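What follows is each chain in one-letter form.
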Amino acid sequence: MRKPLARHFARVCLPLTLALAASFASATVVTFDDLATDGFVPANYAGLDWSASSWFQYAGEQAPYTPHSGDRRATLGFDGSSATSAIGFLTPSTFQGAWFAGFDGVNVAIDLYRSGLLVASTSTLNLGETSAFLASGYTGLVDRLVFRSNDPAFFVMDDLSFAAAVPEPASGALALAGLAVAALVIRRRQASQSAT
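Calculation rules
Residues numbered from 1 in each chain as written. Predicted model: local features only at pLDDT ≥ 70, side-chain atom pairs only at ≥ 80, totals over all residues. Heavy atoms only, no water. 1 Å grid on protein atoms, 1.4 Å probe; cavity = no way out; pocket = protein on both sides within 12 Å on 5 of 7 lines; lining within 4 Å. Points joined across faces, edges and corners; volume = space filled by probe spheres on them. Helix = DSSP H or I, 4+ residues; strand = E, 2+ residues; numbered from the N terminus. Nonpolar A, V, L, I, M, F, W, Y, C, P; charged D, E, K, R; others polar. Buried < 20%, exposed > 50% of the residue type's maximum accessible area, 1.4 Å probe, protein only.

## Observations regarding the layout of surface pockets
By volume, the largest pocket is sized at about 160 Å³. Taken together, Phe-56, Tyr-58, Gln-62, Tyr-65, Thr-75, Leu-76, Gly-77, Phe-78, Ala-153, Phe-155 and Val-156 make up the lining of the largest pocket. Residue assignment for the lining of the largest pocket shows that the elements contributing at least two residues are strand S4 (56–59) and strand S12 (155–164). Here the residues of the lining of the largest pocket sort into eight nonpolar, three polar and no charged.

## A closer look at unusual backbone geometry
The step from Ala-63 to Pro-64 runs through a cis peptide bond, and the omega angle for that step is 0°. Its identity as a non-glycine residue notwithstanding, Ala-46 has a phi of 60°, on the positive side. Assessed through its relative accessible area of 29%, Ala-46 is described here as partly exposed. The residue Ser-115 is not glycine, and still its phi comes out positive at about 55°. On the secondary structure map, Ser-115 appears in the loop between strand S7 (107–114) and strand S8 (117–121). Accessibility expressed as a relative area gives 59% for Ser-115, which makes it exposed.

Set out below in structure tokens:
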């Protein structure tokens, strides 16, 4: 009788456990390659709020603006400034970094914010034609990025990486308790069926 119970438990609870585990590790890489036409980055694209920014995404060969992957990348253009470079997170997330390329002599850095407070800043990355990764260097949650550059019109960004916030431990404990209750219910049903 134990083997059918174990099989039934595995059939019911294994998918629930995998779904729970997936919610704990949700990483996103923003490539821009799923956008079909050149233009401003849509307001709520890829789990980010671009509505206050002037980020423009495009495709095609254009040295030294080399994309890191695919054919598309984003740029701020001539109106780029700290005020128009801000990208918000729809939910607080851990920002890992992004890839940049541009003219020699141009640099870029990113300020990371949480609830309106500056919590960290990246190092300053000097650019060239070959894409280079600018790591966040901060493992805490952020809800806004502001980009700084000595010449914002002459660099591009690609493959921005972030991970959504991990559910609180109480949420995980509650989900595991639910799985335990489901196992008990199945066991009691099996026991009552075998008794009759």
